Protein chains: 2
Amino acid sequence: MEKVGEIWREGRRVGKEDPRRIVHAFKVGLALAFVSSFYYYQPLYDNFGVNAMWAVMTVVVVFEFSVGATLGKGINRAVATLVAGGLGVGAHHLASLSGPTIEPILLAIFVFVQAALSTFVRFFPRVKARYDYGILIFILTFSLISVSGFREDEILDLAHKRLSTVIMGGVSCVLISIFICPVWAGQDLHSLLAFNFDTLSHFLQEFGEEYFEATDDGDVKEVEKRRRNLQRYKIVLNSKSNEEALANFAKWEPRHGQFRFRHPWKQYLAVAALLRQCAYRIDALNSYINSDFQIPTDVKKKLEEPLRRMSSESGKSMKEASISLKKMRKSSSYDIHVDHVLNSQSACKDLTTLLKSGILNDVEPLHMIALTTTVSLLIDIVNLTEKVSESVHELASAARFKNKKKSTVSSEKSDSVSTVRAMPIKSQDDHVVTILCDDDMSHTVDQSRGESSVDSCHHVAIEIDDDDSVHEKHEDGEMHEHTSCVSCGQTNASDVLDSDNKRTSYN
Amino acid sequence: MEKVGEIWREGRRVGKEDPRRIVHAFKVGLALAFVSSFYYYQPLYDNFGVNAMWAVMTVVVVFEFSVGATLGKGINRAVATLVAGGLGVGAHHLASLSGPTIEPILLAIFVFVQAALSTFVRFFPRVKARYDYGILIFILTFSLISVSGFREDEILDLAHKRLSTVIMGGVSCVLISIFICPVWAGQDLHSLLAFNFDTLSHFLQEFGEEYFEATDDGDVKEVEKRRRNLQRYKIVLNSKSNEEALANFAKWEPRHGQFRFRHPWKQYLAVAALLRQCAYRIDALNSYINSDFQIPTDVKKKLEEPLRRMSSESGKSMKEASISLKKMRKSSSYDIHVDHVLNSQSACKDLTTLLKSGILNDVEPLHMIALTTTVSLLIDIVNLTEKVSESVHELASAARFKNKKKSTVSSEKSDSVSTVRAMPIKSQDDHVVTILCDDDMSHTVDQSRGESSVDSCHHVAIEIDDDDSVHEKHEDGEMHEHTSCVSCGQTNASDVLDSDNKRTSYN
């Protein structure tokens, strides 16, 4: 009984986390009930006989959560069945010419050779990424056709029936997945990227508060909650496999919404890689908030102003990128430039002046190390933020985002067609991100010091594994200034990225 | 023709990278040729008829690269077929009681309900991790049995035949995968962890050299090569999904070599998570080597001695952990303690003294920031290294590693039974790690300043994606001292790890 209650709660949680899962389950049930009618409906059964089971099998195996994955598998399966069917018939014909003794030996050799070759080809990275399932079906169909032909003479008829049932099953899946509450992998990837921007932006905007003030806060529960909130950035650290899977699926998808067939999904991965670099720095930064070794507040206060500004400004620039993604509009480069020059230069100059004035001369060496590391990591993050912005700009060009209208806040109110709607992400790992947005997300919420305001138009539910669930609403903001810190000439991790980009570019 | 040459080269590369892939391809071919003999061999065919195709299908779908994955899929498939077969027969019986008009409607409802429910259950994280394939087969078998029963009366016979052919196919796969050149996922996970230790150790041991001397090195190609070598740590950053997949497979595996059935695979993931934390810090550190903004050498030199010692000592401690893993022997805690006290305290004290002496007082603020960040990240890494050592120690206890003999260098020569043998890792992502070791890996190689000596007993081939391949031999060392830096009381990322461990502990 206890167990049943547990399963029930788990089910509720899984469904609540992403209601599209419930819809998906219904869609699969529908598709299966439909294709199994091939058995009940006499004319169809007379035509296909037991081969109707291939339609059932196709639906079970091909129907995936997103349209891209379903289409990919469906096309893989249909093409592989066709090719393998043809070759299987050929192999069978060839073997049958050789007489009854040699025939089984020859067939066994054919099966062995094609299975070994195809299995090996599955290890090729390019093949594995997109055609793994096709090769599997190729091995399966070739073996079944060539071997079963040993008994049946109507092998051509068999191959034909099998192919038609597979195609009927596949087409049912694809149609149902496209026309009933479709889940687009491309849309999900797009939202995941925007969500990752939000998460990092949240950390950076809250960082100042947490770093400079948290120590004298009395309410332990409150602090706990805020910190857990802050640590949401951790899902960005391990988002790579998820993003790559989504990008692979998205490539199969036809035009939908504002996403073209050849939408630049590769560029999404490039932006995501940069964002992950940022997250690594943030992870290091985070350890300085939670460390047992605390720098005295008066020491910290010496650099408070520029540090707060740097972190919140780069947080805002991330926010801007996120909004630009969500709206699929370019931030006009002029705006970025002005904000950038104004804020970054002043924050950096302030910092340099402060440091040059010998403000840290009387500070304990170990305190100084800890403090300057924070400084340095922040400078690093600010620089990376600039790269991220550039990368988003490239993405915006490649994806042909619309240009932003001049006076955004007033004019966008009228534009109520949203680009981002209900979009959860089904992940390979076990964390799951659900992002729900209303149609109109142009409310202007001002959060000058990173204050978290709950806004009805943007709901983010995060869940990291089953025993550590966090559900929360996430704020949405609009049009912040954007800054960076190039003038410092400080170190950054640019070189690192080249190899990472290379790693993601094989697709 | 060009294309064929390219495919050929790619094939050679894939095969060379991990020769076990070629063996695997042959094993699959063999298994398929074997089960397809069910068609040729008259007595078997008389018994099973077309149901023999389920054996072929099972082999194609179940045979995976590692024993664990094959066993997991095989058991999933057999159990799911059994349960779904039983329920399918029940559903069919129930429906047939209701008369010919209602029967198809009732059957369609059954199929719909079980497909929707099962599909939803597949979203449960625990189920997804281990039983995803089982549920898929459950849906498939239930639908086929209950529906096809609509036509055939010998449904029990059908279910029985299907189950026996599935079991025969599954057993063939499992036997072939265990007895012909087995690939153990557990062994692979073990080696991957040791390899990750080696990679980070390599970085840390080379870091001093690179940071303090590389700038005045003339040979661009040489520098390039060294840096690329150094950046191998990057595969550790994204190793999470790979490790989790291997751990999931490993749980299915029976006792093999020194791995018990209930080997503490979870602890491997915990160590790996800590190691990843280290890699994030190293990534930040790495950006200071490659940065355009260079600190003048004379400034760097001021802290050279303690920094070099800290990085190389923690590198050596990683190396020790890697060796302890490879040999599956505990490092005796006494040794660790002595080394630890001696080296860490002295390096940290030296550093503190240096800093307190005001050695950085006349340094440019921005130079100081960059330098102290390096210091701080290194202290962070040293502290993490200590945690990693503890975690490895826990792993050694949980996995019941043998205790190290007193005088290691001389006595281990006689112990020529190695625990680590040929072990490549098949990854979900596209990077691949191949680790090949000889039986006897007890040579003592001394590499005091992290010099890379090519040693026949240990070969590591790394490949990151298809267009960025690096093949190289990797050194193997023995019995280095081990150090850490607790006495500094410096900040570290401990708190961060709790949540990460939680994330990996759901399995």
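Residues numbered from 1 in each chain as written. Chains lettered and ligands numbered in written order. Predicted model: local features only at pLDDT ≥ 70, side-chain atom pairs only at ≥ 80, totals over all residues. Heavy atoms only, no water.

## A few points about the nonpolar core
Across soluble globular proteins, you tend to see nonpolar side chains buried next to one another.
Logical step 1: Formed by 140 residues in total, the largest nonpolar core has its most connected members in A:F197 and B:F197.
Logical step 2: When residues no more than four places from it in sequence are discounted, the contact partners of A:F197 are A:V271, A:L275, A:M318, A:A321, A:S322, A:L325, A:V388 and A:V392.
Logical step 3: Residues A:A55, A:A95, A:Y133 and B:V28 belong to the second largest nonpolar core, which totals 78 residues. (Core = buried A, V, L, I, M, F, W, Y, C linked by side-chain atoms within 4.5 Å. Buried < 20%, exposed > 50% of the residue type's maximum accessible area, 1.4 Å probe, protein only. Contact = heavy atoms within 4.5 Å.)

## Looking at the packing of aromatic side chains
Any two aromatic rings considered together are summarised by their centre-to-centre distance and by the angle between their planes.
Residue and element names in this part refer to chain A.
Logical step 1: Counted under the stated rule, the structure contains 21 aromatic pairs over all chains.
Logical step 2: Measuring from centroid to centroid gives 5.2 Å for W265 and Y268, while their planes differ by 40°, and the two rings are tilted. Taken together, the positions of W265 and Y268, both in helix α14 (residues 265-290) and three residues apart, correspond to about one turn of that helix. Like W265, the residue Y268 is buried in the burial classification.
Logical step 3: Taken together, the ring pairs in this structure connect F203, F207, Y211 and Y233 into an aromatic cluster.
Logical step 4: One Lys or Arg, R130, reaches over the ring of W252 and ends 4.4 Å from the middle of that ring. (Phe/Tyr/Trp six-rings, centres within 6.5 Å; stacked < 30°, edge-to-face > 60°. Helix = DSSP H or I, 4+ residues; strand = E, 2+ residues; numbered from the N terminus. Lys NZ or Arg CZ within 6 Å of the ring centre and 35° of its normal.)

## Focus: the packing of helix α6 (residues 67-96) of chain A against helix α8 (residues 125-148) of chain A
Residue and element names in this part refer to chain A.
Logical step 1: One way to put it is that α6 packs onto α8 with a least axis distance of 7 Å and a crossing angle of 30°. Classified by the interaxial angle, the pair formed by α6 and α8 is roughly parallel. As for how α6 packs across α8, the hand of that crossing is right-handed.
Logical step 2: Looking at side-chain class alone, the contact of α6 with α8 contains twelve nonpolar, eight polar and three charged residues. (Axes fitted to C-alpha atoms, helices over the stretch in contact; angles between N-to-C directions. Parallel < 35°, antiparallel > 145°, perpendicular 65-115°, else oblique. Left-handed = near helix turned anticlockwise from the far one by under 90°. Nonpolar A, V, L, I, M, F, W, Y, C, P; charged D, E, K, R; others polar.)

## What to know about unusual backbone geometry
Logical step 1: Even without being a glycine, A:C181 presents a positive backbone phi close to 40°.
Logical step 2: Its location among the elements puts A:C181 in the loop between α9 (155-179) and α10 (185-213).

## Considering a nonpolar patch on the surface
All names here are of chain A.
Logical step 1: A cluster of nonpolar side chains, L30, I167, V171, L175, F179 and I180, forms an exposed patch at the surface whose accessible area comes to about 530 Å².
Logical step 2: With four residues, α9 is the single largest residue contributor to the nonpolar patch.
Logical step 3: For F179, the location among the structural elements is in helix α9. (Patch = residues over 30% accessible without salt bridge, like charges linked within 9 Å, V, L, I, M, F, W, Y side chains within 5 Å. Areas by Shrake-Rupley, 256 points an atom, 1.4 Å probe, with all protein chains shown as cover. Salt bridge = Lys/Arg side-chain N within 4 Å of Asp/Glu carboxyl O.)

## Concerning the packing of helix α14 (residues 265-290) of chain B against helix α18 (residues 365-398) of chain B
Residues and elements named next belong to chain B.
Logical step 1: Between α14 and α18, the shortest axis-to-axis distance is 9 Å and the interhelical angle comes to 165°. As summarised for this structure, α14 and α18 are arranged roughly antiparallel, according to the angle between their axes. Helix-helix and strand crossings are classified by hand; for α14 and α18 the assignment is left-handed.
Logical step 2: Residue classes in the contact of α14 with α18 are distributed as 18 nonpolar, six polar and four charged.

## Let's talk about the pattern of salt bridges
Logical step 1: A full pass over the atoms with the stated rule returns 38 salt bridges over all chains.
Logical step 2: Note that B:E244 is salt-bridged to B:K240, the shortest N-O span being 3.4 Å. Linking B:E244 with B:K240, this pair stays in helix α13 (residues 240-250), spanning four residues, or about one helical turn.
Logical step 3: Among the residues examined, B:K240 registers a relative accessible area of 7% and is labelled buried.
Logical step 4: Several salt bridges share partner residues, and in doing so they unite A:E10, A:R13, A:E17 and A:R21 into one network.

## Quick word on α13(B)
Logical step 1: Among the eleven residues in α13(B), ten count as buried, and that is most of the element.
Logical step 2: When we look at burial in α13(B), the residues that qualify are B:K240, B:S241, B:N242, B:E243, B:E244, B:A245, B:L246, B:A247, B:N248 and B:A250.

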